[in-house]
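Overview (structure and organization)
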Amino acid sequence: MQLTVQDVCRLMSVGERTVRRWIDEERLPAHCVGGLYHFNRSELFEWATLRRLPVPPELLDAPPAAQGIEHTLADALSAGGIFYDVPGDDVATALRSVLERMRLPESLDREMLLQMFLSREGLGSTAVGDGIAIPHPRYPVVLGVSGPQVTLCFLKRAIDFKARDGRPVDTLFVMVSPTARWHTMLITQVAKALSDSRFRQLVTSKAGADQILEASRAFHFGCANGARPSEGTS
């Protein structure tokens, strides 16, 4: 369902002037039809999450396919893999190296996917601060995979991702999902995990994969009533 300016005002608890400023200055994705702005629910969710704004529960409904199935962030990281010393001199070469390591279907055109990632970066940085970015295409990567996957890559050298805090990026979380709603839930859990001081410290210090996986078991998603609150988060 497409959202109106008034819907966004209600969901985000802000005035219309703020929403229009977000469109003009903060690159809030908006589609103008007949002189009226309309917003995609998933794009609004993604935009708010990347800026660490409070995300209203209404933006995240439990996907029907996920009801009764529970995953942890550790499951998704185990499926996607954790890699260290990933090479790259700029955004394009770093993302190409990441895609080479991701466990993707053989039939997928990785070069095309790379261009989708780069096109999204051109709309606005996916960096979330502290040297971390969550690169992804503008629309969720929905592929023929058995379950949600998160690939965590630590770059060999930090590169300029045009982050809002000005810090170069050396840590990338990349997600692949079997459905668009799974993708939305993955972004939620990665955002929650990075809001947890212990998990974030493990990531920024490039701790061992076993430590990161153990800490990520606290973040659950995909149960019947949606993503449940993480244990031990701040």
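Here the structure is shown first, and the text comes after it.
A short tour of the structure in this document, coming up. Every chain is numbered independently, its residues counted from 1 as its sequence is written. Owing to the predicted nature of the model, reporting of local features is limited to residues with pLDDT of at least 70; listing and counting of side-chain atom pairs is limited to 80 or more, with chain, interface and lining totals taken over all residues. Only heavy atoms go into the side-chain values, all of them from the structure, while hydrogens and water stay out.

1. Overview of the overall build of the chain
Only DSSP runs of H or I covering at least 4 residues are called helices, and only runs of E covering at least 2 are called strands; the numbering of each starts at the N terminus. Within the chain, the secondary structure is distributed over nine helices and ten strands. Here's how the labels work: a residue is buried when its accessible area is under 20% of the maximum for its type, exposed when over 50%, partly exposed in between, all with a 1.4 Å probe on protein chains only. When each of the 234 residues of the chain is scored for burial, the buried share is 49%. The contact definition used throughout considers only heavy atoms, calling two residues in contact when any of these lie within 4.5 Å. When contacts within the chain are restricted to residue pairs at least 6 apart in sequence, long-range pairs at least 24 apart make up 68% of them.

2. A word on the pairing of strand β3 (residues 36-40)
What makes two strands pair is DSSP finding at least two bridges between them. Of the strand pairs in this sheet, strand β1 (residues 2-4) and β3 are connected by three bridges, and their pairing is antiparallel. What sits directly across from glutamine 2, in β3, is asparagine 40. The sheet contact formed by strand β2 (residues 31-33) and β3 spans three bridges and is antiparallel. Paired with valine 33 across the two strands is leucine 36, which belongs to β3. The hairpin formed by β2 and β3 contains two residues between the paired strands, and glycine 34 there has a positive phi angle of roughly 60°.

3. Considerations on the nonpolar core
In plain words, nonpolar cores are sets of buried Ala, Val, Leu, Ile, Met, Phe, Trp, Tyr and Cys residues tied together by side-chain atoms within 4.5 Å. Counting residues in each nonpolar core, the largest one holds 31 residues, and the members touching the most others are Val150, Phe173, Phe199 and Ile212. Of all the secondary-structure elements, those providing two or more residues to this core are α3 (41-50), α4 (73-80), β8 (149-159), β9 (169-176), α7 (180-195), α8 (197-204) and α9 (209-216). Here this core takes seven residues from α7, the largest share from any one element. Each residue touching valine 150, except ones within four places of it in the same chain, is listed here: Leu73, Ala76, Leu77, Gly80, Gly81, Phe173, Val174, Met175, Leu186 and Val190. The next biggest cluster of nonpolar side chains, apart from the first, holds 26 residues, and it includes Ala94, Phe161, Val169 and Val174.

4. Digging into the environment of threonine 204
Looking at the element boundaries, threonine 204 is found in helix α8. Note: C-alpha distance between threonine 204 and threonine 171 (33 residues apart in sequence) is 7.7 Å. Discounting chain neighbours no more than four positions away, the residues touching threonine 204 are Asp130 and Ile132.

5. Observations concerning the packing of helix α5 (residues 91-101) against helix α6 (residues 110-123)
Between two packed helices, what matters for the description is the angle formed by their axes and the separation of those axes. In this description, a line fitted to the C-alpha atoms serves as the axis of each element, helices being fitted only across the stretch in contact, and the angle between N-to-C directions of two axes falls anywhere from 0 to 180 degrees. One can describe the packing of α5 onto α6 by two numbers: an axis separation of 10 Å at closest approach and a directional angle of 135°. Our classification of the angle between α5 and α6 gives oblique. In the crossing of α5 with α6, the sense of the turn from one axis to the other is right-handed. In contact with Val91, Ala92, Leu95, Arg96, Leu99 and Glu100 of α5, α6 contributes Arg110, Glu111, Leu113, Leu114, Phe117, Leu118 and Glu121. Among the residues making up the contact of α5 with α6, the classes are represented as eight nonpolar, no polar and five charged. Relative orientations are named as follows: roughly parallel for angles under 35 degrees, roughly antiparallel for angles over 145 degrees, roughly perpendicular for angles from 65 to 115 degrees, and oblique for any other angle. Put simply, a crossing is left-handed when the front helix is turned counterclockwise from the back one by less than a right angle, and right-handed when it is turned clockwise. Three categories are distinguished: nonpolar for Ala, Val, Leu, Ile, Met, Phe, Trp, Tyr, Cys and Pro, charged for Asp, Glu, Lys and Arg, and polar for the others, with Gly belonging to the last.

6. Considerations on the sheet that holds β2
Strand order in the open sheet formed by three strands is β1-β3-β2, and the pairing between neighbours is antiparallel. Strands with a single pairing partner mark the edges of an open sheet, and in this sheet they are β1 and β2. Here the strands of the sheet are splayed against their neighbours by 45° on average, with no regard to which way each runs. Helix α1 (residues 5-12) contacts β1 and β3 of the sheet and is inclined by roughly 85° relative to β1. Together, β1, β2 and β3 form the strand contacts of α3, whose direction differs from that of β3 by roughly 75°.

7. So, the sheet that holds β8
With mixed pairing, the five strands of this open sheet are ordered in space as β5-β8-β9-β7-β6. Both outer strands of the open sheet, β5 (82-86) and β6 (127-129), are each paired with one neighbouring strand and no more. Two elements, β8 and β9, share seven bridges in a ladder whose sense is antiparallel. Residue pairing for β9: valine 150 is matched across the bridge by methionine 175. Against the sheet, α7 touches β6, β7 (132-133), β8 and β9, its axis set at about 150° to β9.

8. Side note on the environment of phenylalanine 199
By the secondary structure assignment, phenylalanine 199 is in helix α8. Aside from chain neighbours lying at most four places away, what touches phenylalanine 199 is Leu73, Phe173, Ala193, Leu194, Ile212, Ala215, Ser216 and Phe219.

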